[in-house]
Amino acid sequence: VEAVRMVEDLLSDIKDISFINDCIQLSLRTCIPAMGGSLCQFKIDCIKESSTVEHRVTIKLVAENMTLQDAELVPNDVPIDDIVHAAKTISDSVTPVAISKLRGQLDFLVKEIQFRIYCHNIRLAVLECDAKVSRNSFQYSERDQVITVHVFGGIKAFIKIPQNWPVSTSPLKLISMKPLDESAGDISLVMLCKAMEILNTVELSRRQNLLLFIDA
């Protein structure tokens, strides 16, 4: 009973909370505000109106000690395995009482999942805006956190994006390049490796911005 009350108090701003056996199910609503200016050097005029993204989170607890065991996000459009792992490793030395530890785990888990959902939607908006003005085409995998760029001129580039980009200012990283036509003999592996080395060392401001990075 104490644990149930604690969870309800902790998640008081979240609607539709239910308890089924050793699981907590909640409806998570993430607000994506309208943005008509810029964020971290990015124009994000694509977000003209605020919106709400809805997810269902199922949190499984260990019955014996009321600590976090696992969590599932539906729809699973953003990965949360690392967030769950980080929440589970909250030290007992910081929160020695079981209920207090659960409080810390749930607080961390819900806030981090919601922030990741927020970053994911901002990222999609930035990519949408960039795609409209770029001569290159993009493909994005949230699971791999990689942007595949078909660069004008016959090159396919794979760019690893840092967690929480573009809300964070961490730089993009070019992890691989290859010719679109792998039978083409006019683009050597040595040339591509040298290009990767140069691009990954250009000034930070260019590596934070996808369009500037591609055109570097």
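Scroll up to find the structure.
Residues numbered from 1 in each chain as written. Predicted model: local features only at pLDDT ≥ 70, side-chain atom pairs only at ≥ 80, totals over all residues. Heavy atoms only, no water.

1. Focus on the nonpolar core
Note on soluble globular proteins: their nonpolar side chains tend to be buried together. For the record, the criterion: Working definition of a nonpolar core: buried Ala, Val, Leu, Ile, Met, Phe, Trp, Tyr and Cys residues. They are joined through side-chain atoms within 4.5 Å. A simple rule labels every residue: compare its accessible area, found with a 1.4 Å probe on the protein chains alone, to the largest value its type can have, and call it buried under 20%, exposed over 50%, or partly exposed in between. Each helix is a run of H or I in the DSSP string that is no shorter than four residues. Each strand is a run of E no shorter than two, and both are numbered from the N terminus. Should any heavy atoms of two residues lie within 4.5 Å, those residues are considered in contact.
Core analysis: the largest hydrophobic core is formed by 46 residues, its most contacted members being Ile59, Leu109, Ile113, Ile147, Ile159 and Leu210. Among the elements that make up this core, the one with the highest residue count is helix 3 (residues 98–133) (eleven residues). Apart from the residues within four sequence positions on either side, Ile159 is in contact with Gln145, Val146, Ile147, Val149, Leu172, Lys173, Leu174, Leu210, Phe213 and Ile214.

2. Notes on the packing of aromatic side chains
Here is the rule: For Phe, Tyr and Trp, where Trp contributes only its six-membered ring, two rings pair if their centres lie within 6.5 Å, and the inter-plane angle classes them as stacked under 30 degrees, edge-to-face over 60, or tilted in between.
According to the stated counting rule, one finds one aromatic pair in the structure shown. Taking the centre distance of 6.4 Å and the plane angle of 25° together, the rings of Phe115 and Tyr118 count as stacked. Taken as a pair, Phe115 and Tyr118 lie in helix 3 at a separation of three residues, close to a single helical turn.

3. Quick notes on the sheet that holds strand 6 (residues 67–74)
To keep things clear, this is the line we draw: By the convention used here, strands pair only if DSSP detects at least 2 bridges between them. Only the stretch in contact is used when fitting a helix axis, every axis being a line fitted to C-alpha atoms; angles between N-to-C directions are given from 0 to 180 degrees.
Pairing is antiparallel in the open sheet, where four strands are placed in the order 1-2-5-6. Looking at the sheet topology across the chains shown, the edges are occupied by strand 1 (17–20) and strand 6. Going across the sheet, the axis of each strand differs from the next one's by a mean of 25°, ignoring polarity.

4. Description of helix 4 (residues 189–199)
For clarity, the cut-off: Arc, as used here, means the arc of the directions from the helix axis to the C-beta atoms.
Turning to helix 4, its buried residues number three or more, namely Leu192, Met196 and Leu199. The buried residues of helix 4 occupy one face: seen down the axis, they fall within an arc of 70°. Away from the buried face of helix 4 by more than 90 degrees, exposed residues Val190 and Glu197 are located. Residues of helix 4 that are buried make contact with strand 9 (155–160), strand 10 (173–179), helix 5 (204–207) and helix 6 (210–215).

5. Observations regarding the side chain of Thr58
Its place among the elements puts Thr58 in strand 5 (residues 51–62). Of the residues examined, Thr58 reaches a relative accessible area of 18% and is grouped as buried. In this view, Thr58 contacts Cys23, Ile24, Gln25, Asp70, Ala71 and Glu72; residues no more than four positions away in its chain are not counted.

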